[in-house]
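# Chain and residue survey
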Amino acid sequence: MDSGVITIAGAGLSGLMLARELLDRGFQVRVLELRRRVGGISVIDEDARRILDKLSDIPVELEKAIVRVGGRTLAVSRSGVEEVVRGITATGFRVLSPAELGILGDRPSGVFPFHVALDLTMEGLSIGRRIAIYGYNRYSVLLAGKLLEAGAREIYIIAPEKTPAKTPDHIEVLEGRVRRVRGVARVESVLVGDRILEVDTLVIAMFKTWNPFPNFDVVGHAAVEVYEPQALVETSKLLAESIACESNERIEVVVEGDIRVYPRVVRRCLKRILIARPRGGRVKVNGVSVDLSMGYAVVDIGGLSSVRISVGG
Amino acid sequence: MEHYDVVVVGSGIVGLLVAYELSKRGVSVTVVDENLEPGFGVSKGHAGVIHVIQPPFSSLKSVLAIHGNRLYDRLFGELGVRYRRLKALLVASNIAQLAVLPLLYIVLKLLYETRGFKVSIVGGRELRDLEPNVIGWAAIAVDGYAVVDSFDLVYKLYEACRSLGVVFHLGTRVTGVKVSQDHIEIETTQGPLKASFLVNAAGLNSDYIASQTGFKVRVEGRRGSMLVFDRLQVRNIVAPLVLLERRGTKGGGVIPTTWGHTIWGPNLARGTSKEDRGVYHEDVAVLLRRFGEMIRVKGRIIKAYAGIRPTSDKGDFVIAYSPTSRRVVNVAGIDSPGLTAAPAIAIIVLDMLRKAGLKLGLKRRPPSLRGLSTRDKLVLGLSVQGDEGVIVCPCMSVSLADIARAVRGGARTLDGVIFRTKLAMGSCQGQHCLGRALIEFSRMAGVEPRYVVKGGEGSWIVE
Ligand SMILES: Cc1cc2nc3c(=O)[nH]c(=O)nc-3n(C[C@H](O)[C@H](O)[C@H](O)COP(=O)(O)OP(=O)(O)OC[C@H]3O[C@@H](n4cnc5c(N)ncnc54)[C@H](O)[C@@H]3O)c2cc1C
């Protein structure tokens, strides 16, 4: 593959947005997508769809996967194999595995990672009747709505942490941790705290960032745990700005606590950075209090020579 | 009624190897298994280690393990199965273990080297070079172990058997056996079958099949749980150096798989059940305690699973004719290291059948099954095109062509595809591929998605 071309892995909201931002700045880009559709997990998100609609003119090579084999990063498709020299990961969240979440027990059919539940539902297939979704966030709520539309009878969202006072009125939200799955052939129940919930399906909707291509830069959900479409758009804009920087000079960013800063490497020419913290709250940026109740904020750092961020304020 | 020379009950590693060796000698064989896929019994949930010897050293187990171990190199070569020879390292991680190391070294040297397995001491620096992720003072190394891609082994055997003419009755449970003077009739959920000889290789159920032919043996289930990490942590099998392992603390080893993962385990749980394949928090705690301090963990836990060992009341493998007829050979209580011993068990079974009157022909050449997966081709730097280039699972580089090969190889369930191709077994545990895999498998197998099952009967995926 031409080394002057930037290859973007993944045609979700952040990948497409990044393509737009880079094209606008005169870069050559190509967007590769594993699936036969674009949009990633944003396809069920109305707010994101409005942005996606405006990106529908970006050319995407569908059914083209990026894989890492024997230390090489390859783009593989029907038409052959190409080595990828310069790429950016926009492959989205990784769904936590049951074992990682401490969910043990039997291994019946009916335990789906979020993406699989979404893919099957998008294909018009029904993944179950009584469904527990583990994880309380924007995407689990959206999926719950979609599953109800598709004919699911009962849906429970299980929130591992304390939930805010106001929860969606059409879905039952239970607090607790899923500890076991029981079922011989198909899921028969899940143990939530000490409560047995009789369901035939468990969807895991707990996410982490993940970059499967360590030699690539990274954007969107693959880079930061945020749940607002606008935050994804911001990561794409920031990365495009950063790539366009003439100089490699960096500014120092010191972070305390469970806060994520994007991009990870902040070039001096960058006027803004994104600060993320899924738990929300407030942070102090060089002494100035910033509200993170949306889970993220984009703050101005123009002219600063170093940035210090800490929880509180 | 269908009539065969030999009916084998059970398509686990033992049943498959017996069928394979018989069919190579021109014997007409049928294999009956209640599962929809071969090898979905005990042979699905083991750790894939080819062991050396097993205490007590005079046991049938130990003798057959040594023999089986030696037979595997040829077998793996013949079938083109993925495996790797390696050492087992017993690591001293604390002073107490270091103190017993010299004594244990002498004992093991005596016991193992007389049986052909080299034993050596690995010093601290050498250990660090050999196993950078292992924390320890020194170790005892035992040569002659191997790890095998056990699904590759099972499915290659299955394909080889089929091409040698073995007839498989899968999804068929044996519900009764009638032994007559000159033949055997077995009742199954799909109708009766007739054969001149019966081999009972029914794993956890071998006691039931044995009882049908008048042979008494009790088989109990002993659960072992394992954790899987998505990266290699070791090059050899690594275990703590302990003199005696008791139930509850026994925990197997840290095992590198042939496909780049690491298995911790298996442990030996308290209690006995033939049904409960569940993983419990206390089992996981045992494994984390046992290995947590000696391994610098690389990667993350992607899976926890359990298997059940069929342990006989004799405490050893049982290979015996039924008292009513020498036309029935029972293979019961094949717990660990049954995978290792299986080729040797097959040789004994063939010999017993021959002595009971079965005619064995000359050995035929087995079919060549060598073929490359898309991943193999990419690793070799070859180009791929068409369906070979349509990647369904990016973590393990599994393509549409790989799924098609699995279907041609006889996959009838989604797990059958997964185990044959390694689809969904990578770091992302199927999040990007399982949806598409279900749809493509359904299309290629000509089965509507709602009739596709994950593994067993009733394990529907979509409605
Ligand atoms: C946790 C664990 C780890 C292990 N690790 C190792 C290891 O690392 N190395 C090693 O050498 N060994 C290991 N073992 C042991 C090894 O897995 C077994 O010894 C071996 O798989 C037994 O194979 P089998 O063919 O006898 O039984 P199975 O694989 O159980 O085959 C028996 C088959 O019979 C079928 N069947 C039963 N009843 C009927 C019926 N009535 N009608 C029709 N079909 C029937 C079942 O469906 C099953 O498929 C391990 C075992 C466990 C549990």
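Reading the values: the criteria
Residues numbered from 1 in each chain as written. Chains lettered and ligands numbered in written order. Predicted model: local features only at pLDDT ≥ 70, side-chain atom pairs only at ≥ 80, totals over all residues. Heavy atoms only, no water. 1 Å grid on protein atoms, 1.4 Å probe; cavity = no way out; pocket = protein on both sides within 12 Å on 5 of 7 lines; lining within 4 Å. Points joined across faces, edges and corners; volume = space filled by probe spheres on them. Nonpolar A, V, L, I, M, F, W, Y, C, P; charged D, E, K, R; others polar. Near = heavy atom within 4 Å. Polar contact = N/O pair within 3.5 Å; in protein donor to acceptor, adjacent residues only side chain to side chain. Areas by Shrake-Rupley, 256 points an atom, 1.4 Å probe, with all protein chains shown as cover. Salt bridge = Lys/Arg side-chain N within 4 Å of Asp/Glu carboxyl O. Helix = DSSP H or I, 4+ residues; strand = E, 2+ residues; numbered from the N terminus. Buried < 20%, exposed > 50% of the residue type's maximum accessible area, 1.4 Å probe, protein only. Disulfide = S-S within 2.5 Å. Domains from an automatic or database assignment. Contact = heavy atoms within 4.5 Å. Buried area = accessible area lost by both parts, 1.4 Å probe. Axes fitted to C-alpha atoms, helices over the stretch in contact; angles between N-to-C directions. Parallel < 35°, antiparallel > 145°, perpendicular 65-115°, else oblique. Left-handed = near helix turned anticlockwise from the far one by under 90°. Expected span 1.5 Å × (residues − 1). Pairing = 2+ DSSP bridges.

### A closer look at empty space enclosed by the protein
Residues and elements named next belong to chain A.
- For the structure shown, the criterion picks out one cavity of 30 Å³ or more.
- Of the voids in this model, the largest cavity is the one considered here, and its volume is about 30 Å³.
- Residue lining of the largest cavity: S126, I127, G128, I131, L147, A150, G151 and A152, and that is the complete set.
- Tallied by class, the residues present in the lining of the largest cavity amount to five nonpolar, three polar and no charged.

### Quick notes on the site of the ligand
Residue and element names in this part refer to chain B.
- Near the ligand there are 39 residues, and of these D33, S43, V49, I334 and T340 occur at the shortest range.
- In this structure, an oxygen atom belonging to the ligand sits 2.5 Å away from a side-chain N or O atom of S43.
- In the environment of the ligand, an oxygen atom lies 3.4 Å from a nitrogen or oxygen atom belonging to the backbone of G338.
- Coverage of the ligand by the protein amounts to 98% of the 1,000 Å² it exposes when considered alone.
- For the shell around the ligand, the residue count by class is 16 nonpolar, 18 polar and five charged.

### With respect to the pattern of salt bridges
- This structure, assessed with the given rule, holds 58 salt bridges over all chains.
- Close ionic contact of D149 of chain B with K422 of chain B constitutes a salt bridge, the shortest N to O distance being 2.9 Å. Of this pair, D149 of chain B sits in the loop between strand 6 (138-148) and helix 5 (150-163) while K422 of chain B is found in the loop between helix 11 (414-421) and helix 12 (434-445), placing the two residues 273 residues apart along the sequence. Note on accessibility: D149 of chain B and K422 of chain B belong to one class, buried.
- Overlapping salt bridges, with partners in common, bring together R36 and E63 of chain A together with R436, E440 and R443 of chain B in one network.

### Remarks on the state of the cysteines
- Going through the model one piece at a time under the given rule, you end up with one disulfide over all chains.
- The disulfide partner of C245 of chain A is C269 of chain A, and the S-S distance across this bridge is 1.6 Å. Since a negative S-S torsion denotes a left-handed disulfide, the C245 of chain A-C269 of chain A link at about -45° is left-handed. Residue C245 of chain A is found in the loop between helix 5 (229-244) and strand 20 (252-255), and its partner C269 of chain A is found in the loop between strand 21 (260-262) and strand 22 (272-276); the two are separated by 24 residues along the sequence.
- Exposure remark for C245 of chain A: the relative accessible area of 12% places this residue in the buried category.
- Taking the relative accessible area as the measure of exposure, C269 of chain A reaches 33% and is therefore partly exposed.
- Free of any disulfide, C393 of chain B has its nearest neighbouring cysteine sulfur in C433 of chain B, separated by 4.1 Å.

### A closer look at the domain arrangement of chain A
Residue and element names in this part refer to chain A.
- Partitioning chain A into domains gives domain 1 (1-92 + 209-228), domain 2 (94-207) and domain 3 (245-313).
- Here domain 1 and domain 3 have C-alpha centroids that lie 25 Å from each other.
- Between domain 1 and domain 3, the contact holds eight residues from the first and nine residues from the second.
- Here domain 1 meets domain 3 over a buried area of about 690 Å², counting both sides, of which 66% is carbon and sulfur.

### Regarding the packing of helix 10 (residues 400-408) of chain B against helix 12 of chain B
All names here are of chain B.
- As a packed pair, helix 10 and helix 12 sit with axes 10 Å apart at the nearest point and diverge in direction by 50°. Taken together, the axes of helix 10 and helix 12 are oblique relative to one another. Relative to helix 12, the crossing made by helix 10 is right-handed. For the pair helix 10 and helix 12, the contacting residues are L400, I403, A404 and V407 in the first and R436, A437, E440, F441, M444 and A445 in the second.

### Quick word on helix 1 (residues 13-24) of chain B
Residue and element names in this part refer to chain B.
- Helix length check: helix 1 (12 residues) gives 16 Å between terminal C-alpha atoms against 16 Å at 1.5 Å per residue, within 8%.
- Counted residue by residue, helix 1 has 12 buried out of 12 residues, so it is predominantly covered.
- What helix 1 keeps buried is the set I13, V14, G15, L16, L17, V18, A19, Y20, E21, L22, S23 and K24.
- Positive backbone phi, at 75°, marks G26, one or two positions downstream of helix 1.

### Remarks on the sheet that holds strand 13 (residues 172-175) of chain A
Residue and element names in this part refer to chain A.
- Read from one edge to the other, the open sheet built from five strands follows the order 10-17-11-12-13, with strand pairing classed as parallel. Bordering the open sheet on either side are strand 10 (111-113) and strand 13, each of which pairs with just one other strand. The sheet shows a mean angle of 25° between the axes of neighbouring strands, taken without regard to direction.
- By the bridge criterion, five bridges tie strand 11 (residues 130-134) to strand 12 (residues 154-159) in an arrangement that is parallel. Bridging from a neighbouring strand, I133 pairs with I157 of strand 12.
- Those strands touched by helix 3 (residues 114-122) are strand 10 and strand 17 (201-204), and its axis lies near 95° from that of strand 10.
- The strands touched by helix 4 (residues 138-149) within the sheet are strand 11, strand 12 and strand 17, with strand 12 carrying the most contacts at an inclination of about 170°.

### Focus: the packing of helix 1 (residues 13-24) of chain A against helix 2 (residues 46-53) of chain A
All names here are of chain A.
- One way to put it is that helix 1 packs onto helix 2 with a least axis distance of 10 Å and a crossing angle of 30°. When the interaxial angle is binned, helix 1 and helix 2 end up roughly parallel. As for how helix 1 packs across helix 2, the hand of that crossing is left-handed. Two secondary-structure elements touch here, helix 1 through L13, L16 and M17 and helix 2 through A48, I51 and L52.
- Residue composition of the contact of helix 1 with helix 2, by class: six nonpolar, no polar and no charged.

### Notes on the interface of chain B and chain A
- On the side of chain A, 48 residues touch chain B, which itself brings 52 residues to the contact.
- Our count for the chain B to chain A interface comes out at four salt bridges.
- Between E463 of chain B and R129 of chain A there is a salt bridge; the shortest N-O distance is 2.6 Å.
- Linking chain B with chain A are 20 residue pairs in polar contact (both at pLDDT 80 or more).
- Taken together, the elements giving at least two residues each to the side of chain B that touches chain A come down to helix 7 (281-292), strand 15 (301-312), helix 9 (374-379), strand 18 (391-393) and helix 12 of chain B.
- Examining the composition of the side of chain B that touches chain A, we find that six residues originate from one element, helix 12 of chain B, more than from any other.
- Class assignment for the residues of the side of chain B that touches chain A results in 25 nonpolar, 16 polar and 11 charged.

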